[in-house]
Amino acid sequence: MDKVIVANDISLSYNANETIINQANFSVDSGSFVFITGASGSGKSTLLKSFFGAIKPIQGSLIVGGVELSDVSKNKLNFLRRHIGIVFQDYKLIKEWTIEKNIMMPLIINGYEKSVIQNQVESLLKHVRLKHQAGKYPLELSGGEQQRVAMARALSHNPILILADEPTGNLDEYSSQLIWNLLEGANTQLKTTIIVVTHRIPSTLNVNYKHYHIEYGEIYEIS
Amino acid sequence: MKSVKNHFSLIIALLSILFCIQIFIIVDRSIEAYKENLANNYSIVVVSKKQIKEKEMLLLDESISSVQELPPDNVIKRLNTNIDKKNMNLLKLTLPKFYKLYLYKFPTPDDIKKLKLNLSKNKSITKIEDFAKTHDTTYKLLVLFKNVVFIFAMVVSIVTMLLILKELRIWQFKHNERMSVMGLFGAPIWLRSAILFRLAIVDALISSVLIFLIFIYISTNKWVLLQFQNLNIKVEVFNLVNDSLLLLAISLIVSVTLAAMVVLGHKEEV
Ligand SMILES: Nc1ncnc2c1ncn2[C@@H]1O[C@H](COP(=O)(O)OP(=O)(O)O)[C@@H](O)[C@H]1O
Ligand SMILES: [Mg+2]
């Protein structure tokens, strides 16, 4: 089976005197659904960051989408990122842009045609139940609504890989359910590989998933 | 409303720079026009025992633009009139000659010294009246005025630079977030900074147009024209071709440099 991510003996660190992830081995099959759990501060976000090249492994080899990230050029990294959809813990929406424009962003970066962009954004707004909010700005929305915008943005360009960092962190039941449905839909219908960092694995999920746990800088396979 | 606020601060900074530059240009033009005016009115009177031809006089110093011989009748008129015609003609011949010398440009005190020295090489010249005292005060006043304007322009420039630097920090903060997020979705650096450059260029165009309108208004303002008229000088307040091109170029350079500095200072968040 194809691998989207292959990590061999990678160590991750922000500074010399503290290693967050220590010589971990890890791989993700194409089209799979993966959960990563762990205590707060255990390094879940750090691991996710390494998958889109925001931090480089200080040792080992990390290959994502066929690209070796421990030694990657800016152009190649940009190319890879255009095929990844990220949902950040703090949403990272662009405040001075409307909801609609925020969702469009990856499509614009990928150079899609205007008509395609318009259709895609309209359908996504419907999916995340924010059609009537399209012209608003992020700070005019609730946390749950902002997270739904971030999810729509991550899905907009049909990426091969979605990385979601606590996407339902402190959301209401309604928004949480919507987000799990969207992730499940992308995985089953579009065969998108999905990696989700979370505290709690939802019981309502109808997909086979893998579960990894991070503790003391090591990654354990639970199921 | 939101976009207006985005543009406002840079436009104000650009306006103040452009305004300063154009004011400086106008002051410079006024001083030049005034100097020319002074030079046209300024003359030196030379008294000579013998007649000196204009050509000969011009050869004495290259700063002399023209020579005018003062008719002796004025002098004679002042000595009474009980002289018959024959004697009068004789007198005219024996009287010294008076010449008025005009200069190309308004001379510095040093220029005058040199000129006097050169003139005195001609042995028939007995007296040179340079009106040095009046000339000296006018000249010093002009220099003082120019210096005051220069210091004023410097102070305003420094304040504007501080304003721009502060603006740069705000820009860096404001645009860094968006550029980082776009980077996380794989936007190449030119695409990340395209908005910034577009904003910079639009702001430069807006402030240029505003400054054009301001100075077109000033150049037709009655009070302003009256001031120049009182000084007896003609000054072009705003040249529609040269000045507008210069100001447009400066505002584009300033704002695009600002944008480039933001892009260069851009750091990706981790
Ligand atoms: N940008 C950073 N610079 C330095 N240290 C960081 C940074 N981000 C996170 N850390 C540290 O790395 C460790 C793991 O953080 P993180 O991966 O965010 O944990 P988690 O997402 O599992 O809660 C923490 O001790 C945190 O303090
Ligand atoms: Mg985290």
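Residues numbered from 1 in each chain as written. Chains lettered and ligands numbered in written order. Predicted model: local features only at pLDDT ≥ 70, side-chain atom pairs only at ≥ 80, totals over all residues. Heavy atoms only, no water.

With that out of the way, let us pick up the sheet that holds strand S2 (residues 18-29) of chain A. Residue and element names in this part refer to chain A. Reading across the sheet, the four strands line up as S2-S1-S4-S5 and stay open at both edges, with antiparallel pairing between neighbours. Since the sheet does not close on itself, it has two edges, and those belong to S2 and strand S5 (67-68), each with one partner. Sheet analysis places strand S4 (residues 59-64) next to S5, joined by two bridges and oriented antiparallel. Following the sheet pairing, Ile63 is matched in S5 by Glu68. (Pairing = 2+ DSSP bridges. Helix = DSSP H or I, 4+ residues; strand = E, 2+ residues; numbered from the N terminus.)

What follows covers helix H2 (residues 74-81) of chain A. Given 3.6 residues to a turn, an α-helix orients residues that are three or four positions apart in the same direction. Every buried residue of H2(A) is listed here: Leu77(A), Asn78(A), Leu80(A) and Arg81(A). One side of H2(A) holds all its buried residues, which, seen down the axis, span an arc of 160°. (Buried < 20%, exposed > 50% of the residue type's maximum accessible area, 1.4 Å probe, protein only. Arc of directions from axis to C-beta.)

Looking now at helix H6 (residues 173-189) of chain A. Residue and element names in this part refer to chain A. Under the 1.5 Å per step criterion, the end-to-end length of H6 is 24 Å for 17 residues, consistent within 8% with the ideal 24 Å. Those residues of H6 lying buried are Ser175, Ser176, Leu178, Ile179, Trp180, Leu182, Leu183, Glu184, Gly185, Ala186 and Asn187. Where H6 is buried, its residues meet strand S3 (33-38), helix H4 (114-127), helix H5 (143-155), strand S7 (161-165) and strand S8 (193-197). Backbone geometry just after H6 places Lys191 at a positive phi near 60°. (Expected span 1.5 Å × (residues − 1). Contact = heavy atoms within 4.5 Å.)

Bringing the site of ligand 1 into the picture now. Residue and element names in this part refer to chain A. All residues adjacent to ligand 1 are Tyr14, Glu18, Ile20, Ala39, Ser40, Gly41, Ser42, Gly43, Lys44, Ser45, Thr46 and Lys49. A distance of 2.7 Å is found between an oxygen atom of ligand 1 and a backbone nitrogen or oxygen belonging to Gly41. Between ligand 1 and Gly43, the relevant distance is 3.0 Å, taken from an oxygen atom to a main-chain nitrogen or oxygen of the residue. Surface burial for ligand 1 is 64%, taken as the share of its 560 Å² of free accessible area covered by protein chains. Looking at which element gives the most residues to the shell around ligand 1, the answer is helix H1 (residues 44-51), with four residues. In the shell around ligand 1, the residues fall into three nonpolar, six polar and three charged. (Near = heavy atom within 4 Å. Polar contact = N/O pair within 3.5 Å; in protein donor to acceptor, adjacent residues only side chain to side chain. Areas by Shrake-Rupley, 256 points an atom, 1.4 Å probe, with all protein chains shown as cover. Nonpolar A, V, L, I, M, F, W, Y, C, P; charged D, E, K, R; others polar.)

Further remarks concern a nonpolar patch on the surface. All names here are of chain B. Taken together, the side chains of Phe24, Phe150, Ile151, Met154, Val155 and Val159 present a nonpolar region at the surface, about 550 Å² in accessible area. Sorting elements by how many residues they give to the nonpolar patch places helix H6 (residues 132-184) first, with five residues. Along the polypeptide, Val159 turns up in helix H6. (Patch = residues over 30% accessible without salt bridge, like charges linked within 9 Å, V, L, I, M, F, W, Y side chains within 5 Å. Salt bridge = Lys/Arg side-chain N within 4 Å of Asp/Glu carboxyl O.)

On to the interface of chain B and chain A. Where the parts come together, the accessible area they lose is often given as the size of the interface. Each partner contributes to the interface: chain B provides 18 residues, whereas chain A provides 26 residues. Of the roughly 1900 Å² buried between chain B and chain A, counting both surfaces, carbon and sulfur atoms make up 63%. Our enumeration of links across chain B and chain A arrives at two salt bridges. Across the salt bridge formed by Glu177(B) and Lys95(A), the nearest N and O atoms sit 2.7 Å from each other. (Buried area = accessible area lost by both parts, 1.4 Å probe.)

Right, let's talk about the sheet that holds strand S1 (residues 43-48) of chain B for a bit. Residues and elements named next belong to chain B. Pairing is antiparallel across the open sheet formed by four strands, whose spatial order is S2-S3-S1-S4. Each of the sheet's edge strands pairs with one partner strand only, and the pair in question is strand S2 (64-70) and strand S4 (125-129). Within the sheet, the average angular offset between the axes of one strand and its neighbour, ignoring direction, is 25°. With six bridges joining them, S1 and strand S3 (residues 97-103) adopt antiparallel strand pairing. When the sheet's bridge partners are listed, Ser43 is paired in S3 with Tyr102. (Axes fitted to C-alpha atoms, helices over the stretch in contact; angles between N-to-C directions.)

With that settled, the discussion passes to the coordination of the magnesium ion (ligand 2). Reference values for coordination geometry: four tetrahedral donors around a metal ideally subtend 109.5 degrees, six octahedral donors ideally subtend 90 or 180 degrees. Taken together, the protein donors to the magnesium ion (ligand 2) comprise Ser45(A) (OG) and Gln89(A) (OE1), at separations of 2.0 to 2.7 Å. Taken together, the positions of Ser45(A) in helix H1 and Gln89(A) in the loop between strand S6 (84-87) and helix H3 (99-109) put the pair 44 residues apart, joining distant regions of the chain. (Donors = N, O, S within 2.8 Å, 3.2 Å for Na, K, Ca; no water.)

Moving on, we get to the confidence of the model for chain B. All names here are of chain B. Across chain B, the average pLDDT comes to 83, with 94% of residues at or above 70. Helix H3 (residues 73-78) is the least confidently modelled element of chain B, averaging 69 in pLDDT, while helix H7 (residues 189-220) averages 91, the highest of any element. Both scores are available for the predicted complex, with the pTM at 0.74 and the ipTM at 0.92. (pLDDT = per-residue confidence, 0-100.)

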